[in-house]
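# Examination of the molecular architecture
Here's the letter readout for the chains.
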Amino acid sequence: MEWIDTHCHIDGTEFDADRETVIRRAREAGVAKLLVPAIDLASSERIVSLCTQYPDCLYPMVGLHPEEVRADWREQLVAIKSLLAPRIIAIGEVGLDYYWSREFEQEQLEAFEEQVRWSAETQLPLMIHCRKAQNEMVALLKKYAKDLPGGVFHCFTGNALEAAELLQFDRFVLGIGGVLTFKKSHLPEVLPAVVPLDRLVIETDAPYMAPVPCRGQRNEPAYTRYVLTKLAESYGVGEEEICRHTNENVKKVFGIQI
């Protein structure tokens, strides 16, 4: 039984001391492939290089994360766009984040829209991050919906209405990670009620948001097993069925298969 971690920051400094060991543990746990999102120009360049070292299991994305949007965002995007090449599997991690501040609200919107246009032009899927900005994100995506190839709404933690609003973009899926396992999470009830299994993928967001029973530790791809187990429990199906559906969904969105 194998599956795919669709969102793992394995390039981060948190893994500098034991990255190879972490990748090996993931493979031994059943994680066949790791999809690696960028957050800015430096990480985009680093990820492209790293993924060439592990061509059989690491797959690169490039993009500018909304929390990294600053005064130089236009220059960053010019440089990031120059990295688009056949091996790049998606544009990400991109989106909107007004959780901490709206200081760069307009810049975030413009940067996100520019990268959405890249997706429409290149037909590369989007890996979308959104916090406290779903209305703005949905409004922007609707402008381009017919031209977009699809993507992932990363780290979905919302309610049934929010899920339904995202599922209207029929080529997109929801990324489900460690929050599913948290004691106070409502996802075990929300997801089976409104989200079909053909609209989900599994992710860690490692090194962040480790699932129970590893909460508080550095997250790593091997821990997706706990997410897989909880999804199976929530939907009342076997883990093999979760693997089958989520792997098919990764193939549909990213063209990657085990």
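Residues numbered from 1 in each chain as written. Predicted model: local features only at pLDDT ≥ 70, side-chain atom pairs only at ≥ 80, totals over all residues. Heavy atoms only, no water.

Of the volumes computed, that of the largest pocket is approximately 1,000 Å³. Around the largest pocket, the lining comprises 40 residues; the ones closest to its centre are His 129, Cys 130, Arg 131, Cys 155 and Met 209. Only helix H2 (41–53), strand S5 (126–131), helix H5 (134–144) and helix H6 (160–167) provide two or more residues apiece to the lining of the largest pocket. Examining the composition of the lining of the largest pocket, we find that 4 residues originate from one element, S5, more than from any other. Here the lining of the largest pocket is composed, by residue class, of 17 nonpolar, 12 polar and 11 charged. What the second largest pocket holds in volume is close to 150 Å³. (1 Å grid on protein atoms, 1.4 Å probe; cavity = no way out; pocket = protein on both sides within 12 Å on 5 of 7 lines; lining within 4 Å. Points joined across faces, edges and corners; volume = space filled by probe spheres on them. Helix = DSSP H or I, 4+ residues; strand = E, 2+ residues; numbered from the N terminus. Nonpolar A, V, L, I, M, F, W, Y, C, P; charged D, E, K, R; others polar.)

Under the defined criterion, the tally for this structure stands at 19 salt bridges. The residue Arg 46 makes a salt bridge to Asp 11 at a minimum N-O spacing of 2.8 Å. With Arg 46 in helix H2 and Asp 11 in the loop between strand S1 (3–5) and helix H1 (19–29), the pair connects residues that are 35 residues apart, well separated along the chain. One network of salt bridges, with partners in common, ties together Asp 18, Arg 25, Arg 218 and Glu 220. (Salt bridge = Lys/Arg side-chain N within 4 Å of Asp/Glu carboxyl O.)

A word on the packing of aromatic side chains. Overall, the coordinates contain 5 aromatic pairs when judged by the stated rule. The interplanar angle of 55° and the centroid separation of 6.1 Å between the aromatic rings of Phe 153 and Phe 169 together place this pair among those described as tilted. Of this pair, Phe 153 sits in strand S6 (residues 151–153) while Phe 169 sits in the loop between H6 and strand S7 (172–176), and the two are 16 residues apart along the sequence. Across the pair, Phe 169 and Phe 153 agree in class, each one buried. On the numbers, 6.2 Å between centres and 55° between planes, the contact of Tyr 223 with Tyr 226 is tilted. (Phe/Tyr/Trp six-rings, centres within 6.5 Å; stacked < 30°, edge-to-face > 60°. Buried < 20%, exposed > 50% of the residue type's maximum accessible area, 1.4 Å probe, protein only.)

Counting buried positions along strand S4 (residues 90–97) gives 8 out of 8 residues, so the element sits mostly inside the fold. Bridge count for strand S3 (residues 58–62) against S4 is 2 bridges, and the pairing is parallel. Its bridge partner being in S4, Val 62 is matched across the sheet by Ile 91. In terms of strand pairing, S4 meets S5 through 6 bridges, oriented parallel. Residue pairing for S5: Asp 97 is matched across the bridge by Arg 131. In this region the chain leaves S4, passes through helix H4 (residues 105–122) and returns to the parallel neighbour S5; the handedness of that crossover is right-handed. (Pairing = 2+ DSSP bridges. Right-handed = clockwise from strand over helix to strand, strands pointing away.)

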